[in-house]
Amino acid sequence: MNPTTSATFGLLAPEITLVVAALVAFLGAAFAGLRSGWLVALVGIAAALVLSGGQAVDGVAVSGPLAIDGFSTFVRWLVLLLGGLVALVQAGDVFRSAVIREPQPSAATGEEAGVFLLLLAGLSLAGVADDLVLLFAGLELVSIPTALLLALKRTDAQGQEASLKYFFLSLVASSLFLYGVVCLYGIGGSTHLGAISDRLRTTDPGTVVIGAALVPLAVGLTLAGAAFRLAAFPLHFYAPDVYQGTSPGNAALLSTLPKLAGVVVLLRLVGLAIAPPTAPAAGYAATAALDLLWPATAVLAAVSMTIGNVMALRQNNLRRLLACSSIAHAGYLLVGIAAASAAAHAPNGGTGLAGGTLAAIAGGGATLFYLATYAVATIGVFAALTYIGHRWPEWSAAVPRPPREEAASVADLEGLSGTNPVVAFTIALCLLSLAGIPPLPGFWGKLSLAAAALEVDAGGWGPRRLAFVALAVTLVVNAAIAAAYYLRIIAAMYFRSTTRGVQTDGGIGAGVGMVACLALLGFFTLRPQGLFTAARRAGAVVLRGVPATDTAGHHPGAPSSPAGSSAVAALSPVSPSPSAVP
Amino acid sequence: MNGFSPATHLILAILGPLVGAAVAWGMAPRGIHAVRQSALVTALVTLGIVGLLVLRGLADPVLTGGGAFAVSSVPWLTDGPFAVRLSLGLDGLSLWMFGLSALLTLTAVLVSWKAIQDKPAAFYMLLLVLEAAMLGVFAARDVILFYVCFEFTLVPLFFLIGIWGHDDRRRAAVKFFLYTLAGSVLSFVGLVTIVIWNASHSGVLTFDIAELTAGVRAHPLPMDAAGGWLQWLVFLALLAGFAVKVPIVPFHTWLPLAHVEAPTGGSVDLAGVLLKLGIYGFLRFSLPMLPEASAVAAPWLFALGAVGIVYGALVALVQTDLKRLVAYSSVSHMGYIVMGLFALEPAAVEGASLQLVNHGLSAAGLFALVGMLYERFHTRSIASLGGVAARAPWLTVMFVLFTFSSIGLPGLNGFTGEFLILCGAFQRAWTGVSPAWQATYLTLAAAAVGGLVLGAWYMLWAVERVFFGAPRRPPQDGDGHPAEHAVAVAAGPHHHDPVAHGPAHHGPAPAADLEWHEWAALAPLALFALWIGLQPGAFLGPSAAAVRGATAQAAAAFTAGMQPPTTAPHTVTANLTGGRQR
């Protein structure tokens, strides 16, 4: 084992831990009768968190296809945090069966937990990837386990439909993305992100010709691949069916982790085209990519928000409703991406805020911040729905009691504030945060997104400025539309009474997950600063817009260091706050 | 009183209700009496703190000179150039409304004393949280803090209306929330646009209201096609939120529904304080920051104010529901304030700012009294009420007092405000507008005078029908049981004909008149109504400088847009404030 390999293994310790835990869960379930696979998953996630916490956060460490920097650390932490929450929700009542020794073990929990751990490992790899191949492999390691989980968790016809639908569409999306990756390789002549970035920004005439031909294809295809994972228009249509046809726990997974993958891909793509402040003028291909990217993402953002919210208005099934809402939230996330890519290439110079760079960071940071707050609130809602489990229908003593029903529609939540006040409060708080009501974290997310959009070309006036003002208005108007259906759920819980009993058979895991989400929301309400700073720093790193004072040796992605000989290099720390304001 | 700084004093005033809310919630297991006592103590203590603070402010020459008092500022969400701060302070614009918020919360607690029997802990908790938010709006010196409090007021009121409201409460709560949210999110975009415009010209991304005002005065937002009519767009965005909140007439449809369905305590806060937030927003943001756009819009808003006066009065005239009548009278009276504000004449603007307080007192008093009538007679229908004066003479006295205050009887507070507004409006019509506008302005001002007559008509007619004439409805018995129950006990099965068989024939029931908590709720309002009526200078003086300062730019822009007046305008206010100030 040469030093580079061992260094790479060291950097990948969290992901390796996840894979090892997955193997334990798989093998244990198959050969040792292990039934508490989700417990293994939680232990694995905790161990990975500890390991990733021990790694350098402020520096940049590169080894082979990996780059551990502020961005990948942020993504990794987010993956593990959200993964832990989703694992709690997924675990459901498994803990009880582990303790009580029921005669029939629950269905394939070991397989579920193992597959889920692989998904987290893949997402984390996508975050740390500094190479197109590893990025693609990571994304595939997200898609395939997701489809498997959909199939494992629910085996009736609806579940099968959901699983197959997701699987085939994810194949299509992956192949689109792969073609995009090929185009990027064609431009860069390398799979290394730094090399591609350099070729994109070159002014060498030969590359310009290649760029002119390939850039539109690359942008369009990667965007399509990302749109599927974000559940954004035009690849959003699977979401309502798939969410409805699966368990709330899987819906929690689907509405958060793939979105994170999509955001990682898009931010990396924007980052490719951004010149570091020390570099000479941006090259033709890079500006062409940005000029294609911002209108495309802006249009997708506006359409996704509007379609998602308008569709959600008419839904009665909660998972369907939240699926539509997740389409809308994908649109909000794209606002930040659009702002970042537009601000990264400001044709007529700066805005007085240190050029467009800070505005671009604002866009990237806002996207990551919004994603975190959105994910916590969404997982909170699904955890609560899992925890509620089933409700008894209304019945009279004269007839035999009808079977209990899964709590799946808005009407099933009626009177919940009377029967389960904590659950009702959690759902209400999460929904108000999703609606962006201050001072909940969702409001800070919408504030930073709107501010990022309005910062584009702030000093002047022109079509770009007009487009982004319109985008900001679309965003807030959509927030008001979304409030209509969120309030419908809150009104059902608080303003109506019920005689139906609540089973709360979703299990202690979901309950713990729900309370954890509530606690996180409360924490981010009172102290949004920490998450905000971390997201902004991550955005600054991935968008290479670290102000001049911090750039010394900032990005190590120089292609001159061939793969295999690069070393772990903890370079100069990235300042936590880009404070170079004139 | 000099033991601690005014800034600490102000922070205590805002934290007080929050602590009290937690205490009220904690009192839930001890029963309703402990809960409402704790809420009363909190309201009294907060009022004491706020009252002392207002006195300290009045003694401070900085505040009466138009500056800010009790200023404090700590970072809230800052990163790089992003600087949201928890900045608090009071000035002439906010001083009286700040005090009124504390006073009306006491009223709201006291009028709910017997009316709220269901879930009292949650009710008083929400009422006190609402108080903290209202105090926060008026104390905020940071745009985002202002918006957070502005928007957050919706949440407690949503639950207050939806849980403790009347029959159609769910629809009313949701409509109220969505309508105001839809408007205020647009204001949000407008405010952020101002912030970013200022940042792109001064280079500092500040959210401080005073710095922003100074900044946009140095670099006004463009009012031409090259700048994209940005000032105009921002003005319209702010108008969307503030006009719904006021409400200015085409946007008023949420108000009667919300008022009628709200519990009395909610109506008191809604009418007394929350409607004023719109006007306060105009005074704080639109007029000082966007003077040119305000000047262009002024004639139209002046006209909409006049339309609102007449329309509200005419609709009030035909109401059969007493609470709805008072709600439409609010629409009419808010029309005077809008008219006065956009007359952009010092007298009218000062009258409008005083009328904010006046209407807060009289509308809160009237809503409280309607609630008391409802508790006694279980109807709000004017046709079902009658002869109340014989049973509840003191209640009648109070109702008549607040009616007189509302219709502007000289000697009471309503007269001062409306007189100044009309004086200013006529002054603007005669001397301040171009000849082309003069006829329009005169017509509108005359219509407003006509509105006074209509106001007296509908209010006095309602008083005549409800309080005098033959009794049509029996009083409620002392135990809080419905009136029908008391009648059924007294008169057997014929209780549907109470005139013949009800206890009304047995003379007035002593329980029907005001109880101690109702006295305590109404007396301070009546006291202030008299005080402002007799000594308006004491209330006009401290805010005059700030109000004139806020509107001076817009007034100058308006005058520049019109033909310059031929005669030197002589102000009415000078006599009033100058003569009666200390």
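What you see is a predicted model; the values in this text were computed from it and never measured. Position labels on residues start from 1 in each chain and follow its written sequence. Chains and ligands are labelled by the order in which they are written, letters from A for the one and numbers from 1 for the other. For a predicted model such as this one, the threshold for reporting local features is a pLDDT of at least 70, and the threshold for listing and counting side-chain atom pairs is 80 or more; totals across whole chains, interfaces and linings nevertheless cover every residue.

### Here's the deal with the overall build of chain B
- The numbering of helices and of strands both runs from the N terminus, where a helix is a DSSP run of H or I of at least 4 residues and a strand a run of E of at least 2. From N to C terminus, chain B includes 25 helices and two strands.
- Contacts are defined on C-beta atoms placed from the backbone: any two residues whose C-beta positions lie within 7 Å are in contact. In chain B, of all internal contacts separated by at least 6 residues, the share reaching a separation of at least 24 is 78%.

### Section: the overall build of chain A
- When its secondary structure is counted, chain A shows 21 helices and four strands.
- For chain A, the proportion of its 582 residues judged to be buried stands at 63%. The exposure label follows from counting other C-beta atoms within 10 Å of a residue's C-beta, where the C-beta atoms are placed from the backbone and the thresholds are 20 or more for buried and 12 or fewer for exposed, leaving partly exposed in between.

### Some thoughts on the interface of chain A and chain B
- Each partner contributes residues to the interface: chain A has 41 residues there, and chain B has 38 residues.
- Elements with a contribution of two residues or more to the side of chain A that touches chain B: helix H18 (441-455), helix H19 (463-495) and helix H21 (529-542) of chain A.
- Of all the elements, H19(A) adds the most residues to the side of chain A that touches chain B, at 14 residues.
- In terms of residue class, the side of chain A that touches chain B is made up of 31 nonpolar, seven polar and three charged. Gly is put with the polar residues, along with every residue not named as nonpolar or charged; the nonpolar set is Ala, Val, Leu, Ile, Met, Phe, Trp, Tyr, Cys and Pro, and the charged set is Asp, Glu, Lys and Arg.

### A few points about the environment of A:Ala126
All names here are of chain A.
- Position of Ala-126 relative to the elements: it lies in helix H6 (residues 109-128).
- When the 25 C-beta atoms within 10 Å are taken as the criterion, Ala-126 is described as buried.
- In sequence terms Ala-126 and Leu-66 are 60 residues apart; their C-alpha atoms lie 9.6 Å from each other.
- Residues contacting Ala-126, with those up to four places away along its chain left out, are Leu-135, Gly-138, Leu-139, Val-142, Ala-261 and Val-264.

### Focus on unusual backbone geometry
- Geometrically, the link from A:Pro438 to A:Pro439 is a cis peptide bond, its omega value of 0° lying close to zero.
- Note that A:Pro439 resides in the loop between helix H17 (421-435) and H18.
- Of note, the amide linkage connecting B:Val246 to B:Pro247 takes the cis form, showing an omega dihedral of -10°.
- Note that B:Pro247 resides in the loop between helix H10 (230-245) and helix H11 (254-261).
- Here the phi dihedral of B:Ala70 falls at roughly 60°; this positive angle occurs in a residue that is not glycine.
- Along the chain, the position of B:Ala70 falls in strand E1 (residues 69-79).

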